[in-house]
Each structure stands twice: as C-alpha cells, then as structure tokens.
Amino acid sequence: MTDNQESTSGDDGETGRSAPGSWRDVNPAALFGDFKAALARLTFLGSQAAEDEKAPLRFLRAYPLVGAFLGVLGGLGFLLASALTLPGLVAGVIAVGLVMAATGGRNEAAFARAVERMAGQARGPQIALTPPAPVGTAAMVLLVIAKVSLLAGLGAQGGAGLALLGFTAALAAAYAAQVAALHFAHEIEDAVPERPPETVTLQALIFAALIAFLTLHVWIALAGLIGAMFGLVIGSVLALRLGQAFFKDALGIVRELTLIAFLASAYMVLA
C-alpha cells in the first residue's frame with residue numbers, strides 16, 4: 001500500500017484515481033464516481049461510459065452500495081406486491097426477478113457455470129451414451145427457489161418492510177464478500193487480475209456492515225453478518241480449491257452463498 005498516499009483529492013487525475021490511503025479516507029465525490037463505475041460494471045442500469053477499462057480498483061469499494069441499491073429495487077417490488085395482497089412467494093419472485101433483470105442474470109449464470117464445471121471435475125472422464133444432467137442449471141433453480149422462499153419467510157415473519165430491508169442488507173453483504181474473496185485469494189493471484197487493495201476491501205466490508213446495522217434491528221443484523229461470514233468462508237474455500245481455473249465464475253458461488261446465508265440467519269432469528 002505504498003502508492004496510496006495521494007488518494008484523497010478526488011480530482012480527475014491520477015490522485016483521484018488511486019486507492020484510498022486509509023479506511024477512513026472517504027471522499028463523497030470520489031465515492032459517488034466509484035458507485036457509478038460499479039453500477040455500470042454490475043448492472044445494465046448505469047452508463048457504460050462510467051465503466052472505464054483503466055478505472056482504479058478503488059471502485060470495488062462501492063460494490064456493497066450497488067448491492068444495497070439492487071436490494072432496494074427488489075424490495076420495492078416485494079413491497080408493492082404485498083400491498084396488492086399477492087402471496088408472499090409471488091412477491092419474492094417479483095423481488096428476485098427485478099434484481100435478475102437489472103443484472104441480466106449474470107450472478108446466477110456465473111453460479112451455474114461454476115457449479116457445472118465443479119461437477120465435471122468431480123465426475124472425471126466418463127463414457128456415457130447420454131450427456132450428464134445439467135447440474136449447474138438445477139443448482140441455479142434451487143438457488144432462486146431459496147432466495148424467493150427466504151424473502152417470503154422474512155415477509156411472513158416481519159412484514160414486507162423487513163423483507164425489503166433484509167434483501168438490501170443481504171445483497172450489500174454478498175457483494176462485499178466478492179471483494180473480500182478477490183483480495184484474500186493469495187494462492188491464485190494469476191487468476192485474480194483485479195485484486196483490490198487492503199483499504200478498498202476494508203471499506204467495502206465496513207459499508208456492508210453499516211448498511212446492515214442501519215437497516216435492521218441490531219440482533220438481526222448481527223445474525224445476518226455472522227451467517228454471511230460463514231457463507232464467505234465456505235464459498236471462498238470452494239472457489240479456491242475447486243474453481244481456480246474459472247475463478248471469476250467461482251466468485252458467483254461466494255456471492256450467492258453469502259446472500260443465502262445472510263437471509264437464512266436473519267430468518268432464523270425471527271422464527
């Protein structure tokens with residue numbers, strides 16, 4: 001972190017493009033620019049002009065902010081569906097569907113590809129008259145069902161407002177987990193071209209924690225974050241040990257397991 005001492009100005013030059021020198025270094029103008037770049041990278045909602053190929057890895061700190069934005073988008077869909085007295089499962093489908101529409105289903109597709117390739121590694125060479133079952137597709141369907149069911153459960157336990165807030169905090173944690181996994185993937189650095197600096201990773205984790213505690217009751221937030229931590233660890237172990245050859249797709253496992261773990265932990269506190 002020797003090249004980050006001049007990161008506080010937020011200008012358009014190299015100073016504004018470098019990583020923050022400290023976890024306390026948060027320039028609102030620079031952070032908004034990072035949010036726009038992350039939004040363009042992760043969704044179809046941002047301006048593609050904001051996604052600069054030479055943009056610094058500093059913009060990765062805004063990933064949990066984009067996750068929270070997507071959670072609000074999906075949560076509002078849940079809220080509207082609940083106001084129309086639609087069943088909780090239908091509201092959950094709408095919420096998850098809105099997020100998938102905004103991201104183009106990239107997260108779920110990466111998850112499916114990673115699971116499929118991991119299953120292929122486990123099967124090894126085999127001779128069969130018919131192709132193997134689409135394990136990745138089946139896993140993706142189960143993933144979506146889990147998201148919908150957990151959102152519906154949160155809505156049933158605490159109302160549509162809690163489902164909105166829980167989805168917001170869970171997606172923020174999930175995207176922060178992706179940044180953390182990128183940073184801590186020391187063993188396969190060649191497969192990790194975008195390794196965020198320590199300050200960027202720390203800021204992403206802090207943003208995710210702040211979003212959780214600002215939106216949820218302290219015990220729900222704490223349980224969700226603890227669950228997210230377990231999801232991050234398990235997902236990272238799978239990605240590092242089995243997904244080295246396709247690490248970018250394997251990050252989908254980290255992100256989605258963290259999301260599911262957060263929602264499940266929050267639900268268990270309420271149940």
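Note that the coordinates shown come from a computational prediction; the quantities given were computed from them, not determined experimentally. (Residues numbered from 1 in each chain as written. Predicted model: local features only at pLDDT ≥ 70, side-chain atom pairs only at ≥ 80, totals over all residues. Heavy atoms only, no water.)

(A) Broad picture of the overall build of the protein. Scanning the protein from N- to C-terminus turns up ten helices and zero strands. For the protein, the sequential pattern of α-helices and β-strands runs α-α-α-α-α-α-α-α-α-α. Evaluated residue by residue, the protein yields a buried proportion of 49% over its 271 residues. Nonlocal contacts in the protein, meaning residues at least 24 apart in sequence, comprise 74% of its contacts between residues at least 6 apart. Here the protein displays about 12,800 Å² of accessible surface, and carbon together with sulfur accounts for 67% of that area. (Helix = DSSP H or I, 4+ residues; strand = E, 2+ residues; numbered from the N terminus. Buried < 20%, exposed > 50% of the residue type's maximum accessible area, 1.4 Å probe, protein only. Contact = heavy atoms within 4.5 Å. Areas by Shrake-Rupley, 256 points an atom, 1.4 Å probe, with all protein chains shown as cover.)

(B) Representation of the packing of aromatic side chains in the model. This structure, assessed with the given rule, holds three aromatic pairs. Taking the centre distance of 6.2 Å and the plane angle of 80° together, the rings of Phe35 and Phe69 count as edge-to-face. Of this pair, Phe35 sits in helix H2 (residues 28-42) while Phe69 sits in helix H3 (residues 63-83), placing them 34 residues apart in sequence. Look at Phe69 and you get partly exposed, because its relative accessible area is 35%. For the ring pair Phe59 and Tyr63, a centre distance of 6.0 Å and an interplane angle of 65° mean the geometry is edge-to-face. With a relative accessible area of 3%, Tyr63 lands in the buried category. (Phe/Tyr/Trp six-rings, centres within 6.5 Å; stacked < 30°, edge-to-face > 60°.)

(C) Main features of the pattern of salt bridges. Per the stated rule, a full pass over the model turns up six salt bridges. A salt bridge links Arg61 to Asp34, with the shortest nitrogen-to-oxygen separation between them at 2.8 Å. With Arg61 in the loop between H2 and H3 and Asp34 in helix H2, this pair connects stretches of sequence that are 27 residues apart. Of the residues examined, Asp34 reaches a relative accessible area of 3% and is grouped as buried. The closest approach of N and O atoms between Arg255 and Glu256, which form a salt bridge, is 3.8 Å. (Salt bridge = Lys/Arg side-chain N within 4 Å of Asp/Glu carboxyl O.)

(D) Summary view of the packing of helix H8 (residues 198-215) against helix H9 (residues 218-242). In contact at an axis separation of 7 Å, H8 and H9 are set at 145° when each is read in the N-to-C sense. Once H8 is placed against H9, the crossing between them reads as right-handed. Contacts from Ala209, Ala212 and Phe213 in H8 reach Val218, Ala221, Leu222 and Leu225 in H9. (Axes fitted to C-alpha atoms, helices over the stretch in contact; angles between N-to-C directions. Left-handed = near helix turned anticlockwise from the far one by under 90°.)

(E) Here's a closer look at helix H4 (residues 88-103). Across its 16 residues, H4 extends 23 Å between first and last C-alpha, which sits within 8% of the 22 Å expected from 1.5 Å per residue. When we look at burial in H4, the residues that qualify are Ala91, Gly92, Ala95, Val96, Val99, Ala102 and Thr103. All buried residues of H4 project into a common sector of 125° when viewed along the axis, lining one side. Opposite the packed face of H4, turned more than 90 degrees from it, sit the exposed residues Leu89 and Ala101. Looking at the residues trailing H4, positive phi occurs at Gly104, about 70°. (Expected span 1.5 Å × (residues − 1). Arc of directions from axis to C-beta.)

(F) Molecular detail of the side chain of Gln203. Position of Gln203 relative to the elements: it lies in helix H8. Classification of Gln203 as buried rests on a relative accessible area of 1%. A polar atom in the side chain of Gln203 sits 2.9 Å from the side chain of Arg61. (Polar contact = N/O pair within 3.5 Å; in protein donor to acceptor, adjacent residues only side chain to side chain.)

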